[in-house]
Structure formats: structure tokens, C-alpha cells
Amino acid sequence: MHLLLSMQNAFLFRKGALCVCFWQNDRMKNAVRIIAVLFIGAALFKYNWPTVYWADGDSGRWNGIEFRLADVDAPETSPVGSAVGPAKCDLERARGLAAEKWIKDYTKDKPARVVGLAGFDRYNRLVVRMSAGGEDLSALGVEHGHLREWKWVKGRPLNEKPDWCQK
């Protein structure tokens, strides 16, 4: 039953996210986003996420729901010069791969749990606060040096994106 409910909510979320992409009116788009967050919020908070696929150190996917950790940034993992999301230097890529390895290793045997929702990012990913083993992943990642704080309010960053090329 748990898996069935989770899969239904993920399907409804994906369907809702698809609708969000095509709304022309910003007020309507925001209303649909709020409804989508409220609609799936209960399912996200209620269940542990047994398997999270991590795309990099701060974003991933669970059962079709794309998400990003709130208020942190991880270094990019794509090679320098890539067409999509490239690292700005080799040091950033090395740090990005280390951050990805760290978060995968840390969450490997611990079910992840959403403990807060912060809305959607510009790529329509759900922005979440997440814990694993009772520890806040964003705070832990910053503490271990794999993530850096990057706070956003109402879709706008409060400061510059962290520079991962500085030693």
C-alpha cells in the first residue's frame, strides 16, 4: 500500500508539474504550484524515501519526482566545456564528483525523509529540506565541505552563486 500510494502521488505530481510548464498566466502558474505542493506534501512528509537517485551533490530524483536541496549549492560535475551545466574549472568538477560520492555514500543505507518544502526552482524541480538518519543533509553537507550555503527567497538568490574554483 505504501508503494502504491507513493507511486500515485508521484504520478499526480508529474502530471501537475507538466501543467505548470504550460500556464501562461503567472498568477495561475503560482496557484497551480501551491496546490501541487499542498497536494503532494502530505505524501512526501509521511513516507521515508527508500531509494533516492542522486544526480549530483544537491539534486536528484525519487520515483520520478525531481528535487533539489534547499539553500545549498554543490559544485557541478559535468566536464569543463560541456554543453549542459559544465564545471567552470577542473577543481570544481573534482569537488562536484566528491560531493556526489559523499551524498550517495551517506544516504546509501539510510532512508531519506522530506522535512520541509521550499517551492520549485527555475527547472520546475521541487525544492526540499531533507534528512537521512535523522541528520539534515544540507547542514551536514556544508559541515563536511561538500556543499555551500546559497539561500534563495521567492525564486531569487540572496547572494552570488558560490565559486567552487577558488582554493
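Residues numbered from 1 in each chain as written. Predicted model: local features only at pLDDT ≥ 70, side-chain atom pairs only at ≥ 80, totals over all residues. Heavy atoms only, no water.

Colleague: How should I be thinking about the overall build of the protein chain in this particular structure?
Modeller: If you tally the helices and strands in the protein chain, you get four helices and 10 strands. Reading the helices (α) and strands (β) of the protein chain from amino to carboxyl end gives α-α-β-β-β-β-α-β-β-β-α-β-β-β. For the protein chain, with 167 residues in total, the buried portion stands at 41%. In the protein chain, the proportion of contacts linking residues at least 24 apart, taken out of those at least 6 apart, comes to 55%. (Helix = DSSP H or I, 4+ residues; strand = E, 2+ residues; numbered from the N terminus. Buried < 20%, exposed > 50% of the residue type's maximum accessible area, 1.4 Å probe, protein only. Contact = heavy atoms within 4.5 Å.)

Colleague: I would appreciate a short explanation of unusual backbone geometry in the present structure.
Modeller: Excluding glycine, a negative phi dihedral is what most residues carry, and trans is how most peptide bonds are arranged. The phi angle at Asp71 is positive, at roughly 60°, despite the residue not being glycine. Within the element layout of this structure, Asp71 appears in the loop between β3 (65-69) and β4 (72-73). The phi dihedral of Asn124 falls on the positive side, at around 60°, and the residue is not glycine. Relative to the helices and strands, Asn124 resides in the loop between β5 (112-120) and β6 (126-132).

Colleague: Just to check I follow, could you spell out the pairing of β5 for this structure?
Modeller: Walk down a regular strand and you will see the side chains alternate between the two sheet faces. Summarising the sheet, β5 and β6 pair through seven bridges and their orientation is antiparallel. Counted as the bridge partner of Phe120 is Leu126 from β6. Here β5 hands over to β6 after five residues, with Asn124 in that stretch at a positive phi of 60°. (Pairing = 2+ DSSP bridges.)

Colleague: I would appreciate a short explanation of the environment of Glu100 in the present structure.
Modeller: Structurally, Glu100 is set in helix α3 (residues 90-107). Along the sequence, Glu100 and Ala55 sit 45 residues apart, while their C-alpha atoms lie 7.6 Å from each other. If near-sequence neighbours (up to four positions away) are discounted, Glu100 is found in contact with Trp54, Ala55, Asp56, Gly57 and Thr77. Only 2.8 Å separates the side chain of Glu100 from the side chain of Lys104, close enough to count as a polar contact. (Polar contact = N/O pair within 3.5 Å; in protein donor to acceptor, adjacent residues only side chain to side chain.)

Colleague: What's the story with the nonpolar core in this structure? I'm lost.
Modeller: One finds Trp54, Phe67, Leu69, Tyr106, Val128, Met130 and Leu137 to be the most contacted residues of the largest nonpolar core, which totals 21 residues. For this core, the elements supplying multiple residues, two or more each, are β3, α3, β5, β6 and α4 (137-143). At four residues, β6 tops the list of elements feeding residues into this core. (Core = buried A, V, L, I, M, F, W, Y, C linked by side-chain atoms within 4.5 Å.)

Colleague: Whenever I open this one, the environment of Ile103 confuses me. Can you help?
Modeller: Residue position: Ile103 is located in helix α3. For Ile103, a relative accessible area of 0% puts it in the buried group. Taking C-alpha positions, Ile103 is 6.1 Å from Gly57, a pair spaced 46 residues apart along the chain. Among residues more than four places away in sequence, those in contact with Ile103 are Trp54, Asp56, Gly57 and Leu69.

Colleague: Could you clarify how one ought to interpret the packing of aromatic side chains in this entry?
Modeller: Here a ring pair, both rings aromatic, is described through the centre-centre distance and the interplanar angle of the planes. Within this structure, the stated rule accounts for three aromatic pairs. When the centroid spacing of 5.1 Å and the interplanar angle of 75° are considered together, the rings of Trp150 and Trp152 count as edge-to-face. We note Lys110 situated over the ring of Tyr106; from NZ or CZ to the ring centre the distance is 4.1 Å. (Phe/Tyr/Trp six-rings, centres within 6.5 Å; stacked < 30°, edge-to-face > 60°. Lys NZ or Arg CZ within 6 Å of the ring centre and 35° of its normal.)

Colleague: Could you clarify how one ought to interpret the environment of Tyr106 in this entry?
Modeller: Looking at the element boundaries, Tyr106 is found in helix α3. Relative accessible area serves as the criterion here: at 19%, Tyr106 is assigned to the buried category. For Tyr106 and Gly133, which are 27 residues apart along the polypeptide, the C-alpha to C-alpha distance reads 9.0 Å. In this structure, Tyr106 is in contact with Ala132, Glu135, Leu137 and Leu140, ignoring residues within four places of it in sequence.

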